Structure formats: structure tokens, C-alpha cells
Amino acid sequence: MNATTATTATSAASIAAAASTRTDGTSREQMRAIVQDRYGDADVLELRTVEVPTPADDEVLVRVAAAGVDRGVWHLMTGLPYAVRLAGYGIRRPKYPTLGLDLAGAVVAVGTDVTDFAVGDEVYGIGIGTFAEYATAKATKLAHRPDHVTPEQAATLAVSGATAEQALFDIGRAEAGQRVLILGASGGVGSFAVQLAHAHGLHVTGVASAAKAEYVVGLGADVVLDYRSDDFTDEDPFDLIVDIGGRNRVSTLRSALTETGTLVIVGGEDGGRVTGGVGRQVRAVMRSPFVSQRLTMFIADESAAKRARLHELVEQGRIVAPIDRTFPLERVASAIDDLAAGRLRGKAVITIGAAS
Ligand SMILES: NC(=O)c1ccc[n+]([C@@H]2O[C@H](COP(=O)([O-])OP(=O)(O)OC[C@H]3O[C@@H](n4cnc5c(N)ncnc54)[C@H](OP(=O)(O)O)[C@@H]3O)[C@@H](O)[C@H]2O)c1
């Protein structure tokens, strides 16, 4: 964020937040936000009054209506695995004290270099510190919100939805008629992946806990397996495996693929405090050139352009936002606890009404 952007086209009247007086006598709008001074469990989160951020030249300021909760915010909250800290989020304490990535809301200010958005536009995408009444976001990470998609629904698309889309199509090169195995089918990414694969004409086998089997069938899965009692290697071979949960060994995953099948490793928890178990991904990619199967991993591209296909399917009503629960801003900690404990079917969303 660039606090020196004097020419930012701010609609001051639309920032309906309390004003505070700085030591130099000028005033600055304030907002409520979820803030953390240190890494840790959800009890490090506090609802505080802080200054409204100023967008840099290539950013916009969004009055946040809804913000999605995903595994990424848990990683940023805890600072785990430590590799997250080395990736630029702050070694000893969080570099960005406000939490939250996904957002949907209305533009209230635009940086001088931004041409695609104007004050009043309804947008969704990825921002910085979106568990707040206002957040900045790079214009390249935002898209206009489709008319009939609510802010709550839109706030699930940019992280989980886009990751599922890229895993299946950009990396997995999924084609209609193929057999796909989706490990982690009931979670944030998996709920989108199952729907997208079904809408694209693939035969979908989803793996989740038994309690969520019915939910996964409702998303469009043809077969649902329980990861505690079923063995996916007993099934007919798969053309594509999208590996989102469970951290199975690469050799096990390969044994469930066809001779020329593709493995896309998206992620998986409990891989250790230092690297998060990313060695599994690295080993898969290194082995890939020497085997007939294609073994891949990827980090999702956050640019709005990468969401085009998902955006279209949501606009057509063929994909629905998998929202389990909504929480007010002051209950972000509960939402993250529910996510970490596996209590959600799909996603939690924070709904935020800025003070007027
Ligand atoms: N590569 C990227 O750019 C990228 C982007 C986004 C997310 N990710 C990563 O992807 C992972 C999933 O994210 P998410 O937001 O979808 O998380 P989530 O909502 O917590 O979902 C996790 C899923 O994994 C399932 N699961 C748990 N244990 C399993 C097992 N042994 N076998 C199969 N499935 C199992 C869960 O099933 P139950 O709930 O039924 O137990 C749930 O469906 C995380 O590690 C996240 O960091 C990576």
C-alpha cells in the first residue's frame, strides 16, 4: 500500500467510517478490522479500529461486503508452515496485520493507474486484509461482480473457485468423458472442483469423510468414497487425480492413475511445521519426466483473467458458491476454527456491514 498517493480518486463521502485526527491535525478515516500482532491460533485475532488503507497507484479501495475464509488465511494467521513466513509474509510477526484474502464489495477509491474500475463498481477478487470494512486490492486481481451473484457468493470464487478451475483445466487439461478422482471433495477447493468437473462432462469420484458423502453427491459426484474406510486404488484407473486433501504418497496416487494419467497436487494439510510437506510435490515433479504419467503441482494464479471460465459458469448458474455458513466480522475466529476442525461443508464467508 502506498500512503503517499495524493491523487487517488477517493470518494470521501462514500467512506462511511469515523474520522480520527492525526498529530499533524489532518483527519483520517477509520474502520473496524480483524488484526493480529503475532502468529498463533485464532485467539491472536482482535477486532480493532484502525486506519482505512490508502490504495497504491495500481490498486483500488473496496468497501467490503463479504470475505471468504480459506486455508490460506489459516496459514497466514498461524505463520505455519514456516515457509509461509519466508515467502514474504513476515518472519517474526505478520507483515500485514489485517487478515483475509477473498473479498466482494464496492469500489470507493481508485489509484491513478487504474482504468478498469470506477467508484461505485461492484467487484470481487483478492485483496489485502479483507476481514475489514475496507481493503485495498490490486486491480489485476479484481473482476466486476456478475449481477445475479451475491457478494457472499462472489467472495468464495477468487481463491477456492479459481484454484479448482486451474487444477482441472489449465494444469490437469481435463476433457469430457474422462474419469477424475478428487481427493478432498467436500472442502473449499473440492466443492468447486466436483461441480466444475461434473459440468464439464467428466465422471467424478470424490473422496471425503463419510459424514459429507451426501453433500458431495449433491455437488455432482458420480461416486463418493470415505477416506477412512474406502481405498481409491481399488477403483478403475483414473485419467486425472486432483489431490487436495489427505497427502497420500505419490506412489499410491500413481497406482490409481492410467498409464498416461495426470496427477495435479493442489495441497494438503499436516505436512509438518517447516515446509508443510512440499517435498512431496517436488518429488512428484522431479519424477514426472521419467515416467509415462504426468505428475504436476502448482500455485494458483490470482489474476482475474484466470477466472474467466469459472466466472462464466457462475454467471450462467451452472456452478453455485458452496457456502455452508456466514459469520459477522467479530466472529472471524469462529469461522477459522470451524475450517481448521473440518466442520464445514464447502466454505465459510464473513459478512461485513460498514458502519454508517
Ligand atoms: N496450490 C494452490 O495454489 C492452493 C490454493 C488453495 C488451496 N490450496 C491448499 O489446498 C488444500 C485444501 O484447501 P481447501 O481450502 O479446500 O481446504 P478445506 O476446505 O479444509 O478442505 C480439505 C478437504 O480435505 C479433505 N480431507 C481431509 N483428510 C483427507 C484424507 N485423508 N483424504 C482425502 N481427503 C481428505 C476434507 O474432507 P472432510 O472435510 O470431509 O474431512 C476436505 O474435503 C490446503 O492444503 C490448501 O492450503 C492450495
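Residues numbered from 1 in each chain as written. Predicted model: local features only at pLDDT ≥ 70, side-chain atom pairs only at ≥ 80, totals over all residues. Heavy atoms only, no water.

1. Considerations on the domain arrangement of the chain
Next, step 1: Per the domain assignment, the segments making up the chain are domain 1 (9-156 + 321-351) and domain 2 (159-297).
Next, step 2: Here the C-alpha centroids of domain 1 and domain 2 sit 29 Å apart.
Next, step 3: Opposite the 20 residues of domain 1 that make contact, domain 2 presents 18 residues.
Next, step 4: With both sides pooled, the region where domain 1 packs onto domain 2 buries about 1,400 Å², and carbon together with sulfur makes up 54% of that total.
Next, step 5: A per-residue breakdown of the area domain 1 buries against domain 2 is headed by Tyr82, Pro322 and Arg345, which together make up 36% of the total. (Domains from an automatic or database assignment. Contact = heavy atoms within 4.5 Å. Buried area = accessible area lost by both parts, 1.4 Å probe.)

2. Some remarks on the nonpolar core
Next, step 1: Formed by 41 residues in total, the largest nonpolar core has its most connected members in Leu168, Val180, Ile182, Val194, Leu196 and Val242.
Next, step 2: Of all the secondary-structure elements, those providing two or more residues to this core are helix 4 (157-171), strand 10 (179-183), helix 5 (188-199), strand 11 (203-208), helix 6 (213-219), strand 13 (238-243) and helix 9 (308-315).
Next, step 3: Looking at which element gives the most residues to this core, the answer is helix 5, with 6 residues.
Next, step 4: Both domain 1 (9-156 + 321-351) and domain 2 (159-297) contribute no fewer than three residues apiece to this core.
Next, step 5: Leave out the neighbours within four places in its chain, and Leu196 touches Gly161, Ala164, Glu165, Leu168, Phe169, Leu310, Leu313 and Ile319. (Core = buried A, V, L, I, M, F, W, Y, C linked by side-chain atoms within 4.5 Å. Buried < 20%, exposed > 50% of the residue type's maximum accessible area, 1.4 Å probe, protein only. Helix = DSSP H or I, 4+ residues; strand = E, 2+ residues; numbered from the N terminus.)

3. Details of a nonpolar patch on the surface
Next, step 1: On the surface, a nonpolar cluster with roughly 260 Å² of combined accessible area is contributed by Val278, Val282 and Met286.
Next, step 2: Along the polypeptide, Met286 turns up in helix 8 (residues 279-287). (Patch = residues over 30% accessible without salt bridge, like charges linked within 9 Å, V, L, I, M, F, W, Y side chains within 5 Å. Areas by Shrake-Rupley, 256 points an atom, 1.4 Å probe, with all protein chains shown as cover. Salt bridge = Lys/Arg side-chain N within 4 Å of Asp/Glu carboxyl O.)

4. Focus on unusual backbone geometry
Next, step 1: With an omega of -10°, the peptide bond running from Leu80 to Pro81 counts as cis.
Next, step 2: You will see that Asp270, though not glycine, has its phi angle at about 65°, which is positive.
Next, step 3: Its location among the elements puts Asp270 in the loop between strand 14 (257-265) and helix 8.

5. A few points about the environment of Asp236
Next, step 1: Secondary-structure assignment places Asp236 in the loop between strand 12 (223-226) and strand 13.
Next, step 2: For Asp236, a relative accessible area of 54% translates into the label exposed.
Next, step 3: Separated by 21 residues in the primary sequence, Asp236 and Leu257 place their C-alpha atoms 8.6 Å from one another.

6. Focus on the pattern of salt bridges
Next, step 1: Applying the stated criterion to the full structure yields 16 salt bridges.
Next, step 2: Across the pair Lys138 and Glu59 runs a salt bridge whose closest N-O atoms are separated by 4.0 Å. With Lys138 in strand 8 (residues 134-138) and Glu59 in strand 5 (residues 59-69), this residue pair connects regions lying 79 residues apart in the sequence.
Next, step 3: Judged by its relative accessible area of 2%, Glu59 is buried.
Next, step 4: The partner of Asp170 in a salt bridge is Lys306, with the nearest N and O atoms 3.7 Å apart. Taken together, the residues Asp170 in helix 4 and Lys306 in the loop between strand 15 (294-297) and helix 9 connect sequence positions 136 residues apart.
Next, step 5: Asp170 sits in the partly exposed class, given a relative accessible area of 33%.
Next, step 6: Under the relative-accessibility criterion, Lys306 is labelled partly exposed at 32%.
Next, step 7: Three or more residues are tied together by salt bridges with common partners; here these are Glu165, Asp170, Lys306 and Arg309.

7. Looking at the packing of helix 4 against helix 5
Next, step 1: Running from N to C, helix 4 and helix 5 cross one another at 50°; their axes reach a closest spacing of 8 Å. Taken together, the axes of helix 4 and helix 5 are oblique relative to one another. Taken as a pair, helix 4 and helix 5 cross one another with a handedness that is right-handed. Of the residues in helix 5, those touching helix 4 at Leu157, Ser160, Gly161, Thr163, Ala164, Glu165, Leu168 and Phe169 are Gly188, Val189, Phe192, Ala193, Leu196 and Ala197.
Next, step 2: Partitioning the contact of helix 4 with helix 5 into residue classes produces 9 nonpolar, 4 polar and 1 charged. (Axes fitted to C-alpha atoms, helices over the stretch in contact; angles between N-to-C directions. Parallel < 35°, antiparallel > 145°, perpendicular 65-115°, else oblique. Left-handed = near helix turned anticlockwise from the far one by under 90°. Nonpolar A, V, L, I, M, F, W, Y, C, P; charged D, E, K, R; others polar.)

8. Structural notes on helix 10 (residues 332-340)
Next, step 1: Those residues of helix 10 not exposed but buried are Val332, Ala335, Ile336, Asp338 and Leu339. For helix 10, the angular spread of buried residues about the axis comes to 155°, placing them on one side.
Next, step 2: Within two residues after helix 10, Gly342 carries a phi angle of roughly 70°, on the positive side. (Arc of directions from axis to C-beta.)

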